[in-house]
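Secondary and tertiary structure notes
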Amino acid sequence: MKENIIEFLFNSKKYKKLKMSIHFIFLIIYSVVYFKADVSQIFLFFIVVLLILLLFMLLQTFWYNPKKNVKTTIKDRVLICSTLVLLVYSSISFYQL
């Protein structure tokens with residue numbers, strides 16, 4: 001069971017379609033919350049999700065990929081950097097509200 005969860009979280013090739021559908025569902029939830037909630041609640045929700053996403057990407061890059069002998073691609077590094085920039089921007093915007 002533990003191995004299946006780890007594979008689901010970090011194996012980007014095997015569970016590509018399922019992860020894409022989860023991201024799509026998250027996008028729909030975010031859109032609904034955007035129209036119904038306060039701006040500060042949206043930023044806080046977005047910051048938490050970005051932190052979790054960044055944590056998973058860092059774990060994949062520095063733990064899972066070396067363990068399974070998977071080469072880290074430039075795409076992985078760009079995603080980490082862009083998520084970090086977006087997280088910093090969202091945090092600054094949240095604290096200025």
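Reading guide: rules and limits
Residues numbered from 1 in each chain as written. Predicted model: local features only at pLDDT ≥ 70, side-chain atom pairs only at ≥ 80, totals over all residues. Heavy atoms only, no water. Salt bridge = Lys/Arg side-chain N within 4 Å of Asp/Glu carboxyl O. Helix = DSSP H or I, 4+ residues; strand = E, 2+ residues; numbered from the N terminus. Buried < 20%, exposed > 50% of the residue type's maximum accessible area, 1.4 Å probe, protein only. Contact = heavy atoms within 4.5 Å. Expected span 1.5 Å × (residues − 1).

**Considerations on the pattern of salt bridges**
What the rule picks out here adds up to two salt bridges. Close ionic contact of E3 with K68 constitutes a salt bridge, the shortest N to O distance being 3.5 Å. Of this pair, E3 sits in helix α1 (residues 2–10) while K68 sits in the loop between α3 (39–67) and α4 (74–96), placing them 65 residues apart in sequence. Under the relative-accessibility criterion, K68 is labelled partly exposed at 36%. The closest approach of N and O atoms between K68 and E7, which form a salt bridge, is 3.8 Å. Of this pair, K68 sits in the loop between α3 and α4 while E7 sits in helix α1, and the two are 61 residues apart along the sequence. According to the relative accessible area criterion, E7 is buried, its value standing at 14%. Residues joined by salt bridges that share partners form a network here, namely E3, E7 and K68.

**Looking at the environment of I47**
The residue I47 is located in helix α3 in this model. The exposure class of I47 is buried, given its relative accessible area of 9%. Excluding residues that lie within four positions of it along the chain, I47 makes contacts with L87, S90, S91 and F94.

**Description of unusual backbone geometry**
For N69, which is not glycine, the phi torsion reads 55° and is therefore positive. As for its position among the elements, N69 is in the loop between α3 and α4.

**Some remarks on α3**
End to end, α3 covers 41 Å across 29 residues, agreeing with the expected 42 Å (1.5 Å per residue, within 8%). Regarding α3, the residues found buried are I42, F46, I47, L50, L54, M57, Q60, T61, Y64 and N65. Immediately downstream of α3, the backbone of N69 shows phi near 55°, a positive value.

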